[in-house]
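Structure at a glance
One letter stands for each residue in the lines below.
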Amino acid sequence: MSSSSSSSQSQALLHFPRKTSTKPNTTDNLITQLHNLCNQKRLKEAIQILHQVEKPPASLYSTLIQLCCQNRALHYGKTVHKHMKISGFLPGVVICNRLLDMYAKCGSLSDAQNLFDEMSERDLCSWNTLISGYSKMGMLKEAKKLFDEMPERDNFSWTAMISGYVRFEKPKEALELYRSEEMSLLSKLNKFTVSSVLAASASMGCLIIGKEIHGRITRAGLDLDDVVWSALMDMYGKCGSIAEARSVFDKLVDRDIVAWTAMIDRYFKDGRREEGFELFRQLMESGVKPNEFTFAGVLNACADAAAGEIGKQVHGYMTRIHFNPLSFAASALVHMYSKCGNVENAKRVFNGMPQPDLVSWTSLINGYAQNGQPDEALEYFELLLKSNTELDHITFVGVLSACTHAGLVDKGLEYFHSIKDIHGLTHTADHYACIVDLLARSGRFREAENIINDMPMKPDKFLWASLLGGCRIHGNLELAEKAAQALFEIEPENPATYVTMANIYATAGRWDEVAKIRKLMDDKGVVKKPGLSWIEVKREIHVFLVGDTSHPKSKEIHEFLGKLSKRMREEGYVPDTNFVLHDVEEEQKEQNLSYHSEKLAVAFGIISTPPGTPIKVFKNLRTCVDCHNAIKYISKIVNRKITVRDSNRFHCFEGGNCSCRDYW
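The notes below deal with the structure included here. Just so it is clear, the model here is predicted, and its values are computed rather than measured. (Residues numbered from 1 in each chain as written. Predicted model: local features only at pLDDT ≥ 70, side-chain atom pairs only at ≥ 80, totals over all residues. Heavy atoms only, no water.)

Of the regular secondary structure elements, the protein holds 36 helices and six strands. Taken along its principal axes, the extent of the C-alpha atoms in the protein is 115 × 70 × 50 Å. Surface summary for the protein: the accessible area is close to 33300 Å², and the carbon and sulfur share equals 51%. Averaging the locations of the 80 positively and 81 negatively charged side chains of the protein gives two centres separated by 4 Å. (Helix = DSSP H or I, 4+ residues; strand = E, 2+ residues; numbered from the N terminus. Areas by Shrake-Rupley, 256 points an atom, 1.4 Å probe, with all protein chains shown as cover. Lys, Arg positive; Asp, Glu negative; His and termini not counted. Charge placed at Lys NZ, Arg CZ, Asp CG, Glu CD.)

Have a look at this one:
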């Protein structure tokens, strides 16, 4: 026999073990070796040796399948299954179930279904495994078909279906299944079923069903662990019953950071910031260490409330416990400082990040733009471009805003066109609103109209409001009426449109039109949002309304404003009465302007703090032209840095100038 023939026979012996002359003790050694390899998780080597064993025992097949399942090794799992068929091994229901589980967890549901159809014997586990596999993959029709065909069901069957509906945003179907007659006859509930159904109730905001489930849990005497308590708390919170959510939270014996964070976030989402901050303070005293989700939630709440001092305290705590500068909590810090007008601190945090993410870049760019530092905003955008970070549409909103605040029309148009031409992104409605805002503020109305006419989508309320704002600045009455009409159709209940149009008519001396606007507001029941401003002095918030006389220091405030008004006139201040909405004498108009809420807040801040102390005031509406002009004079006379955060941006007044360069 030739050597080549001998080699072929050797190879044949390796691949067809039925012709092997291996001695029994050699087979035992191979099986032992296989078990050892499985124990060592060395799956690849185990599969290679498997081919040398003619008839492995059931226990070895079971172990190999389990290892394939753990490693999500579908290819090797199929190899083991194929070896079973070649060796003539007939698997029982237990090993078939293991194969089903392996196929399902590896995402090969077609193989799982074929095996299921071939099985001569199926038990409850077989049905549940396949239903669970379909459910987790979102194949809910296939899962429900099997569920309906099942000869019997247990808690796992119901949980698999209900959790699948919840996971793939079908809470209505989940609740219908839970409330079915058969489900109601189940004597026992488990925590997984309950948690899934509570999640469905939370998703639908259905408090009645949520309470019904809570009652059933109580009657059934279910042993509530933290998972169920957290689900209950989440359900009550999302259904708007914060008191019930807090009651559940207080009953938790071992509150982990997930429970603390969920409850704190629920307060913030419900607009109850003070209670959210207070609970965070309790968390810091509890000994439970906050995580990045906790910090991000609290910092975002500080940003929304412009609570910069609280944000600073949170930052200090984060520093003391050595928070991870790579976490997204660092991005939340940049965002918080930017939104609160402290761009220097935002920059400091940003520079301390090893690898700033896009959110941090965007927050810093927006911060500079809104704080009247467009040059810095554009400088950081150019650095972002060089960093090779992938951009998104939100970043360009900040860049275009910076160009708007700086009046850089051509630069803004260049960036606008680069969104599509260079970066391959699609223009969004926000981009169009920004570029129309830029053009309208600079009086380039024809270009703005051309862009609106060429838009691929219908202009939204933000775009029309931007156009209306530009018309107000330049007195373009005809285009203002067009923009206002569009806004009346989109949001007829928004008082801002009516007020802006009334101001435009008032400036033009069209008092008959002003009267019509006021009558239209009365007919539609639209009420102008009252302007209010607030300032924090010695950790206490002081709120002022227009013409407010309710403050304990009201007399001192008005006396100080009277003295200040004389000094301002000596410096050249002339009240701007163009936007006072009453056809009255100039003297009365000037008096109306004297008691706007931001002036009252600024005056209170000056008389309540030592000389030289910076003043920071917040206003819920856009600051008016006269107040903007007046505060420039005040900043020079009292030699203070005065920051006013209105609904649109930060205005930093110093030495008689404003950071917005009178372009807002």
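All chains considered together, the criterion is met by 24 salt bridges. Taking the shortest distance from any N to any O, the salt bridge between D250 and R255 comes out at 3.9 Å. On the accessibility criterion, R255 (26% relative accessible area) is partly exposed. Between K599 and D626 there is a salt bridge; the shortest N-O distance is 2.6 Å. One end of the pair, K599, is in helix α35 (residues 597-608); the other, D626, is in helix α36 (residues 625-637), with 27 residues separating them in the sequence. The class for K599 is buried, based on a relative accessible area of 6%. One connected set of salt bridges, linked through shared partners, spans R246, D250 and R255. (Salt bridge = Lys/Arg side-chain N within 4 Å of Asp/Glu carboxyl O. Buried < 20%, exposed > 50% of the residue type's maximum accessible area, 1.4 Å probe, protein only.)

Time to look at the packing of helix α4 (residues 58-70) against helix α6 (residues 93-105). The description of two packed helices rests on the angle between their axes and on the distance between the axes. Close contact between α4 and α6 brings their axes to 9 Å; oriented N to C, the two are set at 15°. Here α6 runs roughly parallel to α4, going by the angle between their axes. The way α4 lies across α6 gives a crossing that is left-handed. Between α4 and α6, the contacting residues are A58, S62, T63, I65, Q66, C68 and C69 on the first element and I95, R98, L99, D101, M102 and K105 on the second. Here the residues of the contact of α4 with α6 sort into seven nonpolar, three polar and three charged. (Axes fitted to C-alpha atoms, helices over the stretch in contact; angles between N-to-C directions. Parallel < 35°, antiparallel > 145°, perpendicular 65-115°, else oblique. Left-handed = near helix turned anticlockwise from the far one by under 90°. Contact = heavy atoms within 4.5 Å. Nonpolar A, V, L, I, M, F, W, Y, C, P; charged D, E, K, R; others polar.)

So, about the nonpolar core. Membership of the largest hydrophobic core comes to 169 residues, with the highest contact counts inside it found for L64, V80, I435 and L467. Apart from the residues within four sequence positions on either side, I435 is in contact with L400, G412, L413, F416 and I451. Of all hydrophobic cores here, the second largest spans 25 residues; its members include I535, L564, A603 and V644. (Core = buried A, V, L, I, M, F, W, Y, C linked by side-chain atoms within 4.5 Å.)

An order of β2-β1-β3-β4-β5-β6 is seen for the six strands of this open sheet, with the pairing classed as mixed. At either end of the open sheet lies a strand with only one pairing partner, and these are β2 (540-545) and β6 (657-658). One ladder, built from three bridges, connects strand β1 (residues 532-537) with strand β3 (residues 615-619); its direction is antiparallel. Residue pairing for β3: W534 is matched across the bridge by F618. (Pairing = 2+ DSSP bridges.)

It is worth spelling out the packing of aromatic side chains at this point. The full count for this structure, using the stated rule, is 19 aromatic pairs. Between Y61 and F89, the ring centres sit 5.0 Å apart and the planes meet at 40°, which makes this aromatic pair tilted. On the criterion of sequence distance, the pair formed by Y61 in helix α4 and F89 in the loop between α5 (74-87) and α6 is long-range, its members being 28 residues apart. A centroid spacing of 5.5 Å and a plane angle of 70° characterise the contact between F416 and Y432, whose relative ring orientation is edge-to-face. With F416 in helix α26 (residues 409-421) and Y432 in helix α27 (residues 429-441), this residue pair connects regions lying 16 residues apart in the sequence. Each member of the pair, F416 together with Y432, is buried. (Phe/Tyr/Trp six-rings, centres within 6.5 Å; stacked < 30°, edge-to-face > 60°.)

With that settled, the discussion passes to the side chain of S196. Note on placement: S196 falls in helix α13 (residues 191-204). What makes S196 buried here is its relative accessible area of 12%. Among all residues touching S196, those that are not within four sequence positions of it are I162, S163 and V166.

What follows deals with the environment of S360. Inspection of the secondary structure puts S360 in helix α23 (residues 358-370). When the C-alpha positions of S360 and S201 are compared, they lie 35 Å apart, and in sequence the two are 159 residues distant. With residues near it in sequence (within four places) discarded, S360 still touches S331, V334, F350 and M353. Among the polar contacts made by the side chain of S360, one reaches the side chain of S331 at a distance of 2.8 Å. (Polar contact = N/O pair within 3.5 Å; in protein donor to acceptor, adjacent residues only side chain to side chain.)

If you check helix α17 (residues 257-269), its first and last C-alpha atoms are 18 Å apart, about what 13 residues at 1.5 Å a residue would give, namely 18 Å. Among all positions in α17, only I257, A259, W260, T261, M263, I264, R266, Y267 and F268 are buried. At its buried positions, α17 is contacted by α15 (226-238), α16 (242-251), α18 (273-286) and α19 (292-305). Directly after α17, the chain includes G271, whose backbone phi takes a positive value near 80°. (Expected span 1.5 Å × (residues − 1).)

Another point: unusual backbone geometry. One non-glycine residue with positive phi stands out, namely E169, at about 55°. Considering the arrangement of structural elements, one finds E169 in the loop between α10 (155-167) and α11 (171-178). Taking the relative accessible area as the measure of exposure, E169 reaches 69% and is therefore exposed. With phi around 60°, H322 is a residue other than glycine that occupies positive phi space. With respect to the helices and strands, H322 occurs in the loop between α20 (308-320) and α21 (328-339).

Applying the stated criterion across every chain yields a total of zero disulfides. Here C434 is not cross-linked by a disulfide; its sulfur's nearest cysteine counterpart is in C403, at 9.8 Å. Distance from the sulfur of C624, which forms no disulfide, to the nearest cysteine sulfur (C627) is 3.5 Å. According to the relative accessible area criterion, C624 is buried, its value standing at 18%. (Disulfide = S-S within 2.5 Å.)

Bringing helix α29 (residues 461-474) into the picture now. Counted at 1.5 Å a residue, the expected span for α29 with its 14 residues is 20 Å, and the 20 Å between its end C-alpha atoms agrees. Among all positions of α29, only L463, W464, S466, L467, L468, G470, C471 and R472 are buried. Capping the start of α29, D460 holds a side-chain oxygen 3.2 Å from the backbone nitrogen of F462, two or three residues further along. G475 occupies a position one or two residues after α29 and carries a positive phi of about 70°.

Another point: the packing of α21 against α23. Two numbers describe how α21 lies on α23: the axes approach to 9 Å, and their chain directions differ by 10°. When the interaxial angle is binned, α21 and α23 end up roughly parallel. Each of S331, V334, H335 and S338 in α21 lies in contact with α23, whose residues at this interface are V359, S360, S363, L364 and G367. Among the residues making up the contact of α21 with α23, the classes are represented as three nonpolar, six polar and no charged.

Inspection of the secondary structure puts T500 in helix α31 (residues 495-507). When near neighbours in sequence (up to four residues on either side) are disregarded, T500 contacts L468 and R472.

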